[in-house]
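An overview of the molecular structure
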Amino acid sequence: MPKTLLGLIGHPLGHSLSPQMHNEQFGRLGIDGYYHLFDIREEELEKGVQALRQLGAAGFNITIPHKVNVMNYIDRLDPSAEKIGAVNTVVREKDALVGYNTDGEGYLESLLAIRSLDQIKNANILVIGAGGAARAVCYALSLRGPESITIVNRTQEKAEQLKSHLKNAAAVRVAAKEEAESRNHEFDILINTTSIGMSPEINKSPWSLENVKASALCSDLIYNPWETRWLKDAREAGLDTLNGSGMFVNQGALAFKYWTGEEPDRQAMQALVEDHLKGENNA
Ligand code: ATR
């Protein structure tokens, strides 16, 4: 068995790129580690976490549908996971399993590649969706105190709940879709956190681009397809765009650092993800 055992628990796992991304870094850095996929059903979650604990795993990532329930079976939460209300990374610290959330900071780091911190602070931001990914993104954004965050969700009540958890300096509001779309000219950063645009509905778009200002950035958390219909339309309209691959890479890189204490090569991780996904299944 490798010295550093890691992995991803979720169900169904499909074709996750996490094992390749992490295992390539182990090779590069000369770490005796291995990142596995553990397809674990909801009813097996407790046993699965116990098994990883007994095997002495250095940690693991968590994906759908366990990001919330896993909190019942670990020992404590880092504030990142506590505030977001979901865990995507567990780290073994001495004998305790500690839950972190690296999705929000991972997203923010990807945003900082295309917008400065000052631009983020001065931005009026639109967040489409109010699920787990939106919670992580909104929390990380709200810590930077942007001018405003407007949350729009199909189920408005969930947007209200998300707003009530964001107690930071940013002005957070909840709006109905039609009302917010009519204020498109106000937004500097528009972020789609829903699955609209993913296979099989690759021709659907989550948001109108009408009257969006020329300097705006459209950011989609989806990265498969690499360029969603919405991002393609935005790019063709001359807007800046950002897909979700940077968030995926950065959340993994942050987890890697917690587990190993070493900084992985993020450019190589990004290149690996691009090699696998760019040009595939595009709308
Ligand atoms: P994730 O962890 O990826 O954020 P999630 O917690 O299930 O996943 O959240 C999915 C989000 O996408 C929710 O905001 C959901 O809206 P509801 O709260 O109304 O369910 C949104 N979403 C998914 N499919 C959608 C669709 N076809 N139209 C509008 N919103 C959709």
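Here's a quick rundown of the structure. Because the structure is a prediction, the values reported are computed rather than measured.

**Focus on the overall build of the protein**
- A count of helices and strands for the protein gives 11 helices and 12 strands.
- For 283 residues, the compact-globule estimate of 2.2 N^0.38 gives 19 Å, and the protein sits close to it at 19 Å.
- Buried positions account for 50% of the 283 residues belonging to the protein.
- Contacts in the protein between residues at least 24 apart in sequence constitute 67% of all its contacts with a sequence separation of at least 6.
- As displayed, the protein offers around 13,100 Å² of accessible surface, 47% of which is attributable to carbon and sulfur atoms.
- Mean positive and mean negative side-chain charge positions of the protein (29 and 37 charges, respectively) differ by 3 Å.

**Comments concerning the sheet that holds strand β6 (residues 96–100)**
- Spatial ordering of the open sheet is given by β2-β1-β3-β5-β6-β4, a layout of 6 strands whose pairing is mixed. The open sheet has two edge strands, β2 (33–39) and β4 (76–77), and neither has a second partner.
- With 3 bridges joining them, strand β3 (residues 59–62) and strand β5 (residues 89–93) adopt antiparallel strand pairing. Bridge assignment links Gly 59 to a residue of β5, and that residue is Val 91.
- The strands that helix α1 (residues 18–29) touches are β1 (4–10), β2 and β3; relative to β2, the one it contacts most, it runs at about 170 degrees.
- The sheet contacts of helix α2 (residues 45–55) involve β1, β2, β3 and β6, and relative to β1 the element is tilted by about 175 degrees.

**So, the nonpolar core**
- Of all hydrophobic cores here, the largest spans 30 residues; its most connected members are Leu 111, Leu 141, Ile 151, Ile 189 and Ile 191.
- Breaking this core down by element, the ones donating at least two residues are α4 (103–111), β7 (124–128), α6 (132–143), β8 (148–152), α7 (156–165), β9 (171–174) and β10 (189–192).
- Split by domain, the residues of this core number at least three in each of domain 1 (4–101 + 246–282) and domain 2 (105–243).
- Each residue touching Leu 141, except ones within four places of it in the same chain, is listed here: Leu 108, Leu 111, Ile 120, Ile 125, Pro 146, Ile 149 and Ile 191.

**Section: the sheet that holds strand β12 (residues 240–242)**
- Strand order in the open sheet made by the 6 strands is β9-β8-β7-β10-β11-β12, with parallel pairing throughout. Of all the strands in the sheet, the pair left with one neighbour each is β9 and β12. For this sheet the average axis-to-axis angle between neighbouring strands, irrespective of direction, equals 15 degrees.
- Sheet topology note: the β7/β8 ladder contains 5 bridges and is parallel. Bridging across to β8, Ile 125 finds its partner in Ile 149.

**Topic: the packing of α4 against helix α10 (residues 245–260)**
- At a minimum axis distance of 7 Å, the contact between α4 and α10 shows a crossing angle of 125 degrees. The angle between α4 and α10 places the two elements in the oblique class. At the point where α4 passes α10, the crossing takes the right-handed sense. Contacts between α4 and α10 involve Asp 103, Glu 105, Gly 106, Tyr 107, Glu 109 and Ser 110 on the former and, on the latter, Gly 246, Met 247, Asn 250, Gln 251 and Leu 254.
- Here the contact of α4 with α10 is composed, by residue class, of 3 nonpolar, 5 polar and 3 charged.

**Some details on the packing of α10 against helix α11 (residues 266–277)**
- Following both chains from N to C, one finds α10 and α11 inclined at 135 degrees, their axes separated by 10 Å at the closest point. In this view, α10 runs oblique relative to α11, as classed from their interaxial angle. Both α10 and α11 take part in a crossing whose hand is right-handed. Taken together, the residues of α11 that come into contact with α10 (itself represented by Ser 245, Gly 246, Phe 248, Val 249, Asn 250, Gly 252, Ala 253 and Leu 254) are Arg 266, Met 269, Gln 270 and Val 273.
- Here the residues of the contact of α10 with α11 are counted per class, giving 6 nonpolar, 5 polar and 1 charged.

What counts, and at which threshold
- Residues numbered from 1 in each chain as written.
- Predicted model: local features only at pLDDT ≥ 70, side-chain atom pairs only at ≥ 80, totals over all residues.
- Heavy atoms only, no water.
- Helix = DSSP H or I, 4+ residues; strand = E, 2+ residues; numbered from the N terminus.
- Rg over C-alpha atoms; globule rule 2.2 N^0.38 Å.
- Buried < 20%, exposed > 50% of the residue type's maximum accessible area, 1.4 Å probe, protein only.
- Contact = heavy atoms within 4.5 Å.
- Areas by Shrake-Rupley, 256 points an atom, 1.4 Å probe, with all protein chains shown as cover.
- Lys, Arg positive; Asp, Glu negative; His and termini not counted.
- Charge placed at Lys NZ, Arg CZ, Asp CG, Glu CD.
- Pairing = 2+ DSSP bridges.
- Axes fitted to C-alpha atoms, helices over the stretch in contact; angles between N-to-C directions.
- Core = buried A, V, L, I, M, F, W, Y, C linked by side-chain atoms within 4.5 Å.
- Domains from an automatic or database assignment.
- Parallel < 35°, antiparallel > 145°, perpendicular 65-115°, else oblique.
- Left-handed = near helix turned anticlockwise from the far one by under 90°.
- Nonpolar A, V, L, I, M, F, W, Y, C, P; charged D, E, K, R; others polar.

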